[in-house]
Amino acid sequence: MKSYVQNIQSLRILSQVFSPPVFHKIVRENDFLPFEKKVAKYIGSHNEYSNLDIIKFLYKSLQKNYRCEYIYKNNITLDIIKNYRLNETLTINELKVGASKADLVLLNGAVRLYEIKTELDGLGKLSKQLCDYQKFADKVYVVTDEKYAKKIISEYATTNLGVISLDAKNKLNILKEAESNSLLFDFETIFKILRKQEYLDLVVSNFGSVPDVPNTKIFKECYSLLSQLEITDFQKQVLNKLKERKLQQPSLLKSNNTPKELKHICNSLDLNHQEYQNLYNFLATKNVCTNPI
């Protein structure tokens, strides 16, 4: 297969295979077509290979020639799976924090947030993103390649920001440790991360009951009540509440049956048992698309 991926444009398109929407179609709708179309158009039809073979080939090609955001996210997810107990840890993908969207947020004993800047990205939005993230996360890391790492370390040398590089061997290395952001915590930013039931639960646990007001005023009343809490205590309560969004099948995410190339997608979609079985069946299927578009 190695001769089929010929240029960066092809790799850019093929990187879209590694996305939650494509695998949502596969495991929840039994729809392989988005996957098959991209494979057939850019690397042809290969009936002798399984879908797993193709995924491994594509992933390896991206690692070598086009280290897109997914490669970074998946490496971080693999590191989390290796170093943390999944029944006590939650990783949230694309979490809205203030006016920004965090690439990955690790919830364990603290909130660790990872903002990814690949060698394909610019750094124009980074300062604003970090300002938002430090209002919520105990520690914030920029995960980048070696090209950007020195520049970012120099620019943020006197800040709490941490820097992690993904080296040429696709290994993560901490170049600058992150420090606590607790003095920068912001109540409104943290509160707005919560879903309605989550902030209602926190009101009940702190004040005994939900305010007896019309639904149109419940947000404002809960906001006012919870704003009375000491900010670091409130942030810790929010951390623990978010951790209740537990993975359905942590053992299957960690299982060797789940390819390492797809760990981040499986975590993001939070597959149930049947969906993992659907995924395994898809991976074992021979590629049969014979009509490239």
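First things first, this report covers the structure right here in the doc. Every value quoted in this text rests on a predicted model; they were computed, and no experiment measured them. Along every chain, residues carry numbers that run from 1 in the direction the sequence is written. In keeping with the model being predicted, local features are shown solely for residues with a pLDDT of at least 70 and side-chain atom pairs are shown and tallied solely at 80 or more, while totals for entire chains, interfaces and linings include all residues. The side-chain numbers reported here are obtained from all heavy atoms of the structure, hydrogens and water having been left aside.

1. Some remarks on the pattern of salt bridges
Argument step 1. Throughout this description, the term salt bridge denotes a Lys or Arg side-chain nitrogen within 4 Å of a carboxyl oxygen of Asp or Glu. Throughout the structure, instances matching the rule amount to 13 salt bridges.
Argument step 2. Across the pair Glu-29 and Lys-25 runs a salt bridge, and its minimum N-O distance is 3.3 Å. Taken together, the residues span about one helical turn, with Glu-29 and Lys-25 both in helix α2 (residues 20-29) at a distance of four residues.
Argument step 3. Exposure is judged per residue with a 1.4 Å probe applied to protein chains only, and the accessible area is read against the type maximum: over 50% gives exposed, under 20% gives buried, and values in between give partly exposed. The exposure class of Glu-29 is partly exposed, given its relative accessible area of 41%.
Argument step 4. Between Arg-67 and Glu-119 there is a salt bridge; the shortest N-O distance is 3.0 Å. One end of the pair, Arg-67, is in the loop between α4 (51-65) and α5 (69-83); the other, Glu-119, is in the loop between β3 (111-117) and α6 (126-133), and 52 residues separate them in sequence.
Argument step 5. Overall, Arg-67 belongs to the buried group, its relative accessible area being 9%. Secondary structure follows DSSP: runs of H or I at least 4 residues long count as helices, runs of E at least 2 residues long count as strands, and numbering of each begins at the N terminus.

2. Let's talk about the pairing of strand β5 (residues 162-166)
Argument step 1. Counting buried positions along β5 gives five out of five residues, so the element sits mostly inside the fold.
Argument step 2. Taking every second residue as pointing to the same face, both faces of β5 are buried, with Gly-162, Ile-164 and Leu-166 on one and Val-163 and Ser-165 on the other.
Argument step 3. Taken together, the five bridges between strand β4 (residues 139-145) and β5 define a ladder with parallel strand orientation. Residue pairing across strands places Val-143 opposite Ile-164, the latter belonging to β5.
Argument step 4. Handedness is read with the strands pointing away from the viewer; a crossover is right-handed when the path from the first strand over the helix to the second is clockwise. Handedness of the β4-helix α7 (residues 146-155)-β5 crossover: right-handed.
Argument step 5. Strand pairing requires that DSSP identify at least two bridges connecting the strands. As paired elements, β5 and strand β6 (residues 172-176) share four bridges and run antiparallel to each other. In the strand pairing of β6, Ser-165 is matched with Asn-173.
Argument step 6. Hairpin connection from β5 to β6: five residues lie between these consecutive antiparallel strands, with Asn-170 at a positive phi of about 60 degrees.

Everything listed here is a matter of geometry and, on its own, says nothing about what the molecule does.
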